[in-house]
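# Report on the structure
Here are the chains, one letter per residue:
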Amino acid sequence: MDPSRAFVTNVKRLIVKVGTAVVTRGDGRLAVGRLGALCEQLKELNSQGYEIVLVTSGAVGIGLQRLRYRKLVNSSLAELQNAQFELDGKACAAVGQSSLMALYDTLFSQLDVTSSQYLVTDTEFRDTSFRKQLSETVKSLLSLKVIPIFNENDAVSTRRAPYEDSSGIFWDNDSLAGLLAMELKADLLVMLSDVEGLYSGPPSDPNSKLIHTYIKEKHQCEITFGDKSRLGRGGMTAKVNAAVCAAYAGIPSVITSGYATDSIIKVLQGKCVGTLFHRDAHLWTLVKELGVREMAVTARKCSRQLQAMNSEDRRKILLDIADALEANESLIKIENEADVTAAQNDGYEKSLISRLSLKPGKISSLAKSIRVLADMEDPIAQVLKRTELADGLILEKTSSPLGVLLVIFESRPDALVQIASLAIRSGNGLLLKGGKEAKRSNAILHKVITSAIPENIGEKLIGLVTSREDIPDLLKLDDVIDLVIPRGSNKLITQIKNSTKIPVLGHADGICHVYVDKSAKVDMAKQIVRDAKIDYPAACNAMVYSVPIGSQETLLLHKDLSSNGLLNELVSDLQHEGVTVYGGPRASSLLNIPETHSFHHEYSSMACTIEIVDDVQAAINHIHQHGSSHTDCIITENHEVAETFLHGVDSAAVFHNASTRFCDGARFGLGAEVGISTSRIHARGPVGVEGLLTNRWILRGSGQVVNGDKGVIYTHKDLPLQTPL
């Protein structure tokens, strides 16, 4: 639950206001599907014991559509030729009200819920006895689980337009909802609109940002409102005014989307949806939509200062970080052990605890990899290509940092060190969000690393995000974050890909195959298969790795291996190491082992699926059908078969007679890796420094102009990368 939404635990009575844009479609017709979903939500909440009062708009819009049709039917030919259907809004309200209420009654009746109708005007609320009677009647209805439905009686209201008469009690259905929230002593006001909530500007403006928590002192002068409701009298301005009035009277209010089928339920679950209005909001020191944006913007500024440094100074930062890690190893160990103990007490799986633990020698190994990275050639501003476009016009293609990276990772605190060092080496700003199970480890590692960054760059070059609730806000910062790199479960990566416009680099699945051909050497095959499985089962390049990503890898064996005994030996060796072996349709019957439900079924990290294939092409087809383009290996002594596999398997990494565990940034000589990508755009396989760079074009001339290409003689001649001295 979002801490700012903790008040929902005390909610019993709520007012739900439905806007015209939710009730009706663009053409004015009733949005029956949306209303049906709304009624189902209210039915569920009603059965859970919530007291619900509904305030609905939409009568004018529905009546307008119906009367336009009636006018059309009753018009003469001459009238149709000059059709200008000016319709009385009050007449529209009178006609539309009956249709609106009839639909509510039908929908609620189908759900075995009783509703009642109140048509009220501003004038009636001036009568104290009316207000008292209203409260008593509503109280009686709510005790019987009846849902009262309120609507301003526009058909007889004497008010011509909202906001004109400042002496009025309410001006439209939005302000009526706010008034009822106070009059009926509600615990919560939820206002449903056609957008997710309140934005900093018109929602159609790509620069507008959703405001999760409204702070009157800050936002009332900064927000630019869009147009009013397309059919109703209000709009976002009216909703904000009503929400502010209710909030400052002690009734929390939320403006959220009425298009979603569960928005009210999510609000009552304490989830961060819509815009919250609360009288204590100005006292909250952490406002997420401000905090994460500020972190990203500051990281970009710091990265530009880092890029402006000379190569040796950037190298020294990495060396200082390596020294700082070793100097603080004992402190890091204490914090990491606390995380491991907490994870064990909380019952986390052994594979997660294995990735969480910084085993002896790990800090020294990390420091060594950072020094290797520091000693590599500076990747920034490298001239990749020089071309003479025309006489005296030289074009250079150079390497350049991406900008700001957002890396969301689970379990492994050592990943924080690798990612931070790669970001610094590539000149990028960085935001990190680690798993809660490594909270203390990540905090101390972040502190040690940022303390080694010079003041003229700033420790905010690398920001550590600590709240999971910040992730949705971060994923909306496509104007200040350039790349998202998720490292974790299949669910996490898929969810991130579906929740952001920012490019995402990574792999949702890490399915790795080993194919043992009929010509494979027995000892070599056994050694590679064992290493691919046993060396580190929790790694994404393990042959049967599955826990963090939810996928199952397969050992593919040539059909002829059953005759020379290798098939049984491989199975026996795996079982001896504690690996649970499952079989595909062919292998399960041949080896008498349990059949797998699916080649994508999730098992524990110490499990393996085996299948029999006819030849190398069958193995390739199996990999393409069930694999994830991560890392695949062939074991064979037949050079032709090996080449067929190496060129036929469309994966980020393809090996011949070598364990899949070699697919690693450090082992590839990249110094470290930020992750492994199975995408086909930008970077693929283990992603080191080069994968965090893009290109810039620098053109050097001496006054040339295009002028329709008159007088320009293009040479397009390749030049040496370095100008001869």
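That block above? That's the structure.
Notes on the structure follow. (Residues numbered from 1 in each chain as written. Predicted model: local features only at pLDDT ≥ 70, side-chain atom pairs only at ≥ 80, totals over all residues. Heavy atoms only, no water.)

## Section: the overall build of the chain
Note the following rule: Only DSSP runs of H or I with at least four residues qualify as helices, and only runs of E with at least two residues qualify as strands; both kinds are numbered from the N terminus onward. A 1.4 Å probe rolled over the protein chains alone gives each residue an accessible area, and that area as a share of the maximum for its type sets the label: buried under 20%, exposed over 50%, partly exposed in between. In what follows, residue pairs with any heavy atoms lying within 4.5 Å of each other are defined as contacts. The accessible surface values rely on the Shrake-Rupley method and a 1.4 Å probe; as for residues, cover is taken only from the protein chains in view.
In terms of helices and strands, the chain carries 25 helices and 24 strands. For the chain, the proportion of its 725 residues judged to be buried stands at 53%. The contacts of the chain with a sequence gap of at least 6 include a subset with a gap of at least 24, amounting to 74%. Here the chain has roughly 33100 Å² of accessible surface; of this, 50% comes from carbon and sulfur atoms.

## Describing the pattern of salt bridges
Keep this limit in mind: Salt bridge, as used here: a side-chain nitrogen of Lys or Arg that lies within 4 Å of a carboxyl oxygen of Asp or Glu.
In this structure the tally under the stated criterion is 23 salt bridges. Aspartate 479 is paired through a salt bridge with arginine 293; the nearest N and O atoms lie 3.1 Å apart. Placement of aspartate 479 in the loop between helix H18 (471–474) and strand S14 (483–487) and of arginine 293 in helix H11 (residues 288–308) is noted, with a sequence separation of 186 residues between them. Assessed through its relative accessible area of 40%, aspartate 479 is described here as partly exposed. Using a relative accessible area of 22% as the deciding quantity, one classes arginine 293 as partly exposed. What emerges from the salt-bridge pattern is a single network uniting Lys17, Asp174 and Lys239.

## What to know about unusual backbone geometry
Despite not being glycine, aspartate 112 has its phi angle at roughly 60°, a positive value. Phi at aspartate 709 takes a positive value of approximately 65°, unusual for a residue other than glycine. Turning to its location among the elements, aspartate 709 is positioned in the loop between strand S23 (693–700) and strand S24 (714–719). What makes aspartate 709 partly exposed here is its relative accessible area of 39%.

## Digging into the environment of valine 417
Tracing the sequence through the fold places valine 417 in helix H16 (residues 413–426). Residue classification places valine 417 among the buried positions, given a relative accessible area of 1%. Measuring from C-alpha to C-alpha, the distance between valine 417 and leucine 366 comes to 7.3 Å, with 51 residues separating the pair along the chain. The residues contacting valine 417, other than those within four sequence positions of it, are Leu325, Leu366, Ile370, Leu445 and Ile449.

## Let's talk about the nonpolar core
The cut-off we apply is this: Here, the term nonpolar core denotes a set of buried Ala, Val, Leu, Ile, Met, Phe, Trp, Tyr and Cys residues that are joined through side-chain atoms within 4.5 Å.
Membership of the largest hydrophobic core comes to 49 residues, with the highest contact counts inside it found for Leu325, Ile424, Leu430 and Ile462. Taken together, the elements giving at least two residues each to this core come down to H11, helix H12 (311–327), helix H15 (362–374), strand S11 (404–409), H16, strand S12 (429–433), helix H17 (439–451) and S14. Among the elements that line this core, the one with the most residues is H16, at eight residues. Contacts of leucine 325, omitting those with residues within four sequence positions, involve Ile332, Ile363, Ile370, Val417, Leu445, Val448 and Ile449. Among the nonpolar cores identified, the runner-up in size contains 38 residues, and Leu142, Leu198, Ile251 and Phe277 belong to it.

## Here's the deal with the pairing of strand S10 (residues 393–401)
Which entries qualify depends on this criterion: Strands pair, by our definition, only if DSSP identifies at least two bridges between them.
Of all the nine residues making up S10, eight are buried; the element is thus mostly covered by neighbouring parts of the structure. In this structure, strand S9 (residues 383–390) lies alongside S10, joined through six bridges in antiparallel fashion. Each bridged residue has a counterpart across the sheet, and for valine 383 the counterpart in S10 is threonine 398. Count of turn residues in the S9/S10 antiparallel hairpin: two residues, of which glycine 392 carries a positive phi of about 80°.

## Let's talk about the sheet that holds strand S20 (residues 653–656)
Within a sheet, neighbouring strands are paired by backbone hydrogen bonds and run either parallel or antiparallel to one another. Note the threshold: Where helices are involved, their axes are fitted lines through C-alpha atoms of the stretch in contact, as for all axes, and angles between N-to-C directions lie from 0 to 180°.
Taken in spatial order, the six strands of this open sheet run S17-S18-S16-S15-S19-S20, and their pairing is parallel. Of all the strands in the sheet, just strand S17 (580–583) and S20 have a single pairing partner and so form its edges. The sheet shows a mean angle of 20° between the axes of neighbouring strands, direction not considered. Here helix H22 (residues 566–576) sits on the sheet and contacts strand S15 (513–516), strand S16 (554–558), S17 and strand S18 (607–613); the angle it forms with S18, its principal contact strand, is near 175°.

## Observations regarding the sheet that holds S12
The parallel open sheet is built from four strands, whose spatial order is S13-S12-S11-S14. The open sheet is flanked by strand S13 (462–465) and S14, the only strands paired with a single partner. Adjacent strand axes in the sheet meet at a mean angle of 15° when their direction is disregarded. Direction of pairing for S11 relative to S14: parallel, over a ladder of five bridges. From the neighbouring strand, isoleucine 408 faces S14, where its bridge partner is proline 486.

From the geometry alone we can't say anything about function, so treat these as descriptive.
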